[in-house]
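# Fold and contact review
Below are the chains, spelled out letter by letter.
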Amino acid sequence: MDEVELRQLRCLVAIVDEGSFTDAAIALGVSQAAVSRTLASLERALGVRLLRRTSRAVTPTATGLRVVARARRVLADVAGLVQEAGSGHTLLRIGYAWSAVGRHTVAFQRGWAAARPGTDLQLVRVNTASAGLAEGVCDLAVVRRPLEDPRFDAAVVGLERRLAALAADDPLARRRTVRLADLTGRILLVDRRTGTTTPELWPPDSRPAVEETHDVDDWLTAIGAGRAVGVTAESTANQYPRPGIVYRPVRDAQPVVVRLAWWRDDPHPAHQAVLELLSELYRTG
């Protein structure tokens with residue numbers, strides 16, 4: 001796959017769009033022989049035949065159709081990358097795992113749009129430890145557990161209460177608050193990759209049994225069925241209200257720390273403005 005080049009993908013798409021090698025050569029500004037050589041080199045690199053050529057037409061093979069569709073996406077992504085890199089960061093992507101900034105999410109989006117109309121804000125849910133930062137999916141990330149990776153910096157923007165998630169018919173749901181000890185002996189559903197809840201919240205001799213999940217919808221479904229309970233940040237309750245699920249404050253649990261994280265060596269130019277806005281929302285909201 002190291003032999004596949006963008007010029008080959010552009011050539012393939014041009015042949016399909018223009019309908020012939022001759023017209024593709026005109027569109028690309030090269031010779032017809034160069035188009036033929038480029039297509040041949042792509043087919044060799046992939047080990048498949050991509051086009052069927054007759055005296056009347058050039059048509060993609062079944063494999064060719066799939067490759068053309070993927071090539072269009074690749075070329076569009078590259079074009080977007082070039083535009084973003086050369087436009088002064090007009091797009092700001094903020095990643096998060098499970099929930100964004102809870103009840104502050106809408107205020108954050110609207111406040112940002114009013115203050116920075118030239119920089120589009122995009123919130124992206126990525127269920128990884130860095131909320132998409134390490135994967136290159138986002139420019140900044142909202143995280144609720146410390147990032148130990150030395151490539152990243154982070155700053156605290158606020159605190160959130162820790163809540164228990166319970167089935168609506170659970171006996172504990174009738175209480176206004178619960179304690180950690182009330183959940184001992186229950187099955188606790190956790191996401192070890194991104195979650196803020198671990199058995200270490202409980203004393204060693206009174207920890208609940210633990211099962212793992214990796215998706216908030218699966219987490220809610222299991223809790224709603226009464227099969228397990230959950231403990232989560234307050235933002236989850238704001239972002240995912242669901243019939244059959246109730247959230248109750250855990251009065252003896254430490255709050256969850258909310259952080260904004262960014263690349264240490266290449267922070268997005270807007271990271272300080274995001275930090276200030278989120279901190280203000282958590283402080284006054």
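A short tour of the structure in this document, coming up.

### Brief notes about the nonpolar core
One broad rule of soluble globular proteins: the nonpolar side chains tend to lie buried together. Within the largest apolar cluster, 20 residues are counted, with the highest numbers of intra-cluster contacts made by Leu260 and Val274. If you list the elements that add at least two residues to this core, you get strand E3 (91-96), helix H5 (105-115), strand E5 (140-143), strand E12 (256-263) and helix H8 (271-284). Top contributing element to this core by residue count: H8, with six residues. Beyond its immediate stretch of four places on either side in the chain, valine 274 contacts Leu92, Ile94, Phe108, Trp112, Leu140 and Leu260. Among the nonpolar cores identified, the runner-up in size contains 19 residues, and Leu9, Ala25, Val68 and Leu75 belong to it.

### Let's talk about the pattern of salt bridges
Under the criterion given, the structure shown has 15 salt bridges. Across the pair glutamate 160 and arginine 144 runs a salt bridge, and its minimum N-O distance is 3.1 Å. Here arginine 144 lies in the loop between E5 and strand E6 (152-160) and glutamate 160 lies in strand E6, a separation of 16 residues in the sequence. The pair glutamate 160 / arginine 144 is uniform in exposure class, with both members buried. Of the charged contacts, one joins aspartate 182 and arginine 179 as a salt bridge, the two residues approaching to 3.4 Å between their closest N and O atoms. A single salt-bridge network, built from bridges that share partners, covers Arg175, Arg179 and Asp182.

### Considering the packing of helix H1 (residues 6-18) against helix H2 (residues 21-28)
Two elements in contact, H1 and H2, have axes separated by 8 Å at closest approach and are oriented at 120 degrees. Taken together, the axis directions place H1 and H2 in an arrangement best described as oblique. When the axes of H1 and H2 are compared, the crossing they make is right-handed. Between H1 and H2, the residues in contact are Arg10, Cys11, Ala14, Ile15 and Glu18 and Phe21, Asp23, Ala24, Ala27 and Leu28, respectively.

### Concerning the environment of threonine 119
Looking at the secondary structure, you find threonine 119 in the loop between H5 and strand E4 (120-125). Residue threonine 119 is classed as buried on the basis of its relative accessible area of 14%. It is 11 Å that separates the C-alpha atoms of threonine 119 and alanine 273, two residues lying 154 residues apart in sequence.

The rules behind each value
- Residues numbered from 1 in each chain as written.
- Predicted model: local features only at pLDDT ≥ 70, side-chain atom pairs only at ≥ 80, totals over all residues.
- Heavy atoms only, no water.
- Core = buried A, V, L, I, M, F, W, Y, C linked by side-chain atoms within 4.5 Å.
- Buried < 20%, exposed > 50% of the residue type's maximum accessible area, 1.4 Å probe, protein only.
- Helix = DSSP H or I, 4+ residues; strand = E, 2+ residues; numbered from the N terminus.
- Contact = heavy atoms within 4.5 Å.
- Salt bridge = Lys/Arg side-chain N within 4 Å of Asp/Glu carboxyl O.
- Axes fitted to C-alpha atoms, helices over the stretch in contact; angles between N-to-C directions.
- Parallel < 35°, antiparallel > 145°, perpendicular 65-115°, else oblique.
- Left-handed = near helix turned anticlockwise from the far one by under 90°.

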